[in-house]
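So you can see what is in the structure, the chains are spelled out below.
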Amino acid sequence: MSVEPFEVKISDAVLADLRERLASARLPEAKEGAGWDSGTSPEFLRRLVQHWQTGFDWRAQEAAINRFCHFRTPVGGLEIHFIHERGHGSAPLPLILTHGYPDSFLRFSKLIPLLTDPGAHGGDPSDAFDVVVPSLPGFGFSAQPASDGTTFQIGDLWHALMTKALGYERFGAHGGDWGSTVTEHLARSHAASVIGIHLTDVPFWHTFQKPSDLSLAEEKQLAASNDFMTKQGAYAMIQGTRPLTLAQGLMDSPVGLAAWLVEKFQSLSDCNGDVETRFSLDELLTNIMVYWTTGTIGSAFLPYYDFTQAGAMRWILETAKGWIGHSHVPTGIALFAKDSTHAPREWAERFFNVQRYTELPRGGHFGAFEEPELLAEDLRAFFRPLRAGESARSPS
Amino acid sequence: MKPEPFLINVDQAVLGDLEQRLRRTHWTNGPRDDTWDFGTSPEYLRDFLRYWQNQFDWRKAEAYLNQFSQFKAELAGARIHFIHEKAHGQARLPLLLLHGWPDSFYRYYKVIPRLVAPGAIGGDPRDAFDVVVPSLPGFGFTGPVRHGSPKQPNRQSAQLLWQLMTDVLGYRKFAVAGGDGGGALAQILAIEHPESVVGIHLTDLGWHVTNVDPKTCSKAEQKYLEGAKKAFMADGAYAMVQATTPHSLAPALTDSPSGLAAWILDRFHSWSDSGGEIEKSFSKDELLTNIMIYWVTGTIGSSIETYRADTLSPSLTPSDHVDVPVGLALFPRDMSGIPPREFAERTLNVQHWTEMPRGSHFPALEEPEAYATDITAFFRKLAA
């Protein structure tokens, strides 16, 4: 398995084509004062597009991205892109971080230095991690899967990446959004390799089962998640049922792509309605550019499709895996105050061996980006006792 | 108040710009390009766009549309575009034909001649109608309409159509026919103006009836409702997006002709009785003429916003009842199939009920003869 260094380098032709599209963009007639009530604010979109054309410097963003060490390697037949940053400390713990939708590996750009070099950020060097941040298959600089259904195999790919390609025998894992699902799959199917997992949400699909002994808090949570799907779940429904019907316009129109993606950063972050209190225009655009320059919006919808279309057999299989794998991998749950779901501890305990359950005072669905310090602190605290157990294991 | 004659004449610059956009299309691709399982088939779309670029002749389509007598009438700040074709001979009734989404006034191009001049196709000349086909507020050559308030926007749109028929065109009594969003407007017109509307002919009951309390429903009704819900979960996401976050979707469809085509084609594909082969029901020229009406007017955004506006302040609920006579022509492959008659009778004064052997959501395009015949039969009965 050859691990090749990789650099993000978008061709001038792609950037020139983008400039042309932005210059000739047709935007819908903007209703004054529409705000964000019916999706992305038309007024905000105009401002974002203007900044894209006149203020945004992709080459500067690209240079910043390339300050991380990037690699690509074939895993399970797919070229997987990942950042691999070594920790600064006596015994850095390997940790794989998995992003979701509609973010990208950039979700962790602010968190990585805090984890690799805690000593330089007011922390203890003994808390250092070796950090691996892949792009999910079909996202960003990873290859697009050749068939649907691969979402259920990403945990296996990550295991191969960490053990076979990078030579880590045991490692920790963290994720949110699709990242929490992938991290759960990883722990379930490869429990022997996983030191512990840390999630910022309990994967949504657990709500498909309705145990008869729900606590009041659990019932409230399930009702809230139902309410979320009714009022804000249309994106997941279209991405899960007719992904390419939507993707064509987003592949062809940068302003269309921006409108579709930016809505989520506004509605799901802890921004009190003002997305720029959490993300600068540059940060929003850099993430959008990861989708635009790689042409991956369609393949990024596939996890939704896979989960929506999964048949009864798939769920029986997944449940069976759950019985085998879940019970002993230590799990930390950290919930950001304004995230879209708030699993009560007893709900998390139905599926995980919960060792730590933290309610963080600030942050939303993109907590790793919004509140990297809070998350770094929680990750360090969760893995600290597990590190002791690891050093007690005899090295192979 | 006198309507002005109107001819469609799209600026050459719009067509030049479109050509450029089509040429530089970025294609999406899926795990398999040759199926519609993931949404609009990329393979079909590529073929469709090649035709759009190389063979489709908008000027020809435009000339065809301009054979119909078209007007624009200024009403409460809106400029309503409509076709107005007078009956050949004595008109039995004026007939207002209302389209839906994602079609347009063009939906009725095949049935207009049948309804205006039945004698010319071997029918009874006494069955002739004066026909009025508007572009609905928010759509096509009518374009966005600023309503006075956000309250019950469809009631306000229906009021504009009533003014068009009465104040502008001078009809005291008239008939209405439609389906999809146009069917809902027909129901509102009947409820608000029973003094003017002699009867309405529909091809569906309207989405609002699915909100009835299932506990009050018969077994057959419950089965129908479950089917409707299942169909919505499988293929109704377009409506959910349009009803909740149209502003996140509209920019892509306004900026990208291929994106607009993919979004609209998927509906025509799903809602045809074509066994999955869309062109068995609609030709590329037909599909493109309809898509072009959205593209050249830039109205996809205002058209999908009607879903959002109606969701925020619904104009119809299951407790609304249409008292004027209602004729129903139901097509088996329409979204949720044919409802039980007792379900229709909850909200409609059903006087005429036809279950068609084939056809789907766009019967005026797909089954023009059966559709026109049924409209004629219903209103002939009413007039008798």
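Structure: see above.
In this report, we go over the structure that sits alongside the text. (Residues numbered from 1 in each chain as written. Chains lettered and ligands numbered in written order. Predicted model: local features only at pLDDT ≥ 70, side-chain atom pairs only at ≥ 80, totals over all residues. Heavy atoms only, no water.)

What to know about the overall build of chain A
No. 1: For chain A, the count of helices and strands is 17 helices and nine strands.
No. 2: Relative to its length of 396 residues, chain A is compact, with a C-alpha radius of gyration of 20 Å against a globular reference of 21 Å.
No. 3: Viewed in the frame of its principal axes, chain A has a C-alpha envelope of about 65 × 50 × 40 Å.
No. 4: Excluding contacts between residues fewer than 6 apart, the proportion of contacts in chain A whose partners are at least 24 apart in sequence is 78%.
No. 5: As presented, chain A carries roughly 14,800 Å² of accessible surface, and 53% of it is formed by carbon and sulfur atoms.
No. 6: Charge separation in chain A, taken as the distance between the mean sites of 33 positive and 47 negative side-chain charges, equals 2 Å. (Helix = DSSP H or I, 4+ residues; strand = E, 2+ residues; numbered from the N terminus. Rg over C-alpha atoms; globule rule 2.2 N^0.38 Å. Contact = heavy atoms within 4.5 Å. Areas by Shrake-Rupley, 256 points an atom, 1.4 Å probe, with all protein chains shown as cover. Lys, Arg positive; Asp, Glu negative; His and termini not counted. Charge placed at Lys NZ, Arg CZ, Asp CG, Glu CD.)

Thoughts on the side chain of Gln221 of chain A
No. 1: If you trace the backbone, Gln221 of chain A turns up in helix 7 (residues 216-232).
No. 2: Accessibility expressed as a relative area gives 10% for Gln221 of chain A, which makes it buried. (Buried < 20%, exposed > 50% of the residue type's maximum accessible area, 1.4 Å probe, protein only.)

Here we look at the sheet that holds strand 1 (residues 4-5) of chain B
Hydrogen bonding along the main chain pairs the strands of a sheet, whether they run parallel or antiparallel.
All names here are of chain B.
No. 1: On the basis of which strands lie adjacent, the open sheet formed by nine strands has the order 1-2-3-5-4-6-7-8-9 and mixed pairing. Strand pairing shows two members of the sheet lacking a second neighbour, strand 1 and strand 9 (348-355), which therefore form its edges.
No. 2: As paired strands, strand 8 (residues 322-330) and strand 9 are joined by seven bridges and run parallel to one another. Note on strand 9: the bridge partner recorded for Gly327 is His352.
No. 3: Against the sheet, helix 15 (residues 368-383) contacts strand 4 (93-98), strand 5 (129-134), strand 6 (174-178), strand 7 (197-202), strand 8 and strand 9, and its axis sits at roughly 150 degrees relative to strand 7. (Pairing = 2+ DSSP bridges. Axes fitted to C-alpha atoms, helices over the stretch in contact; angles between N-to-C directions.)

A look at the pattern of salt bridges
No. 1: Considering all chains together, one arrives at 52 salt bridges over all chains under this definition.
No. 2: Across the pair Asp252 of chain A and Arg21 of chain A runs a salt bridge whose closest N-O atoms are separated by 3.0 Å. Note that Asp252 of chain A is positioned in helix 9 (residues 243-252) and Arg21 of chain A in helix 1 (residues 12-23), a separation of 231 residues in sequence.
No. 3: On the accessibility criterion, Asp252 of chain A (5% relative accessible area) is buried.
No. 4: Two residues, Glu345 of chain B and Arg341 of chain B, come together in a salt bridge whose shortest N-O distance is 3.0 Å. (Salt bridge = Lys/Arg side-chain N within 4 Å of Asp/Glu carboxyl O.)

Quick look at the pairing of strand 5 (residues 129-134) of chain A
All names here are of chain A.
No. 1: Of all six residues in strand 5, six are buried, a share of seventy percent or more.
No. 2: A two-sided burial pattern is seen for strand 5, the buried positions comprising Phe129, Val131 and Val133 on one face and Asp130, Val132 and Pro134 on the other.
No. 3: Relative to strand 5, strand 3 (residues 78-85) runs antiparallel, the two being bridged by four bridges. Residue Phe82 lies in a different strand from strand 5, and its bridge partner there is Pro134.
No. 4: Across four bridges, strand 4 (residues 93-98) lies against strand 5 in parallel orientation. Bridge pairing in strand 5 links Leu93 to Phe129.
No. 5: Crossover connection from strand 4 via helix 4 (residues 111-116) to parallel strand 5: handedness right-handed. (Right-handed = clockwise from strand over helix to strand, strands pointing away.)

No statement about biological role is implied by the geometric values presented.
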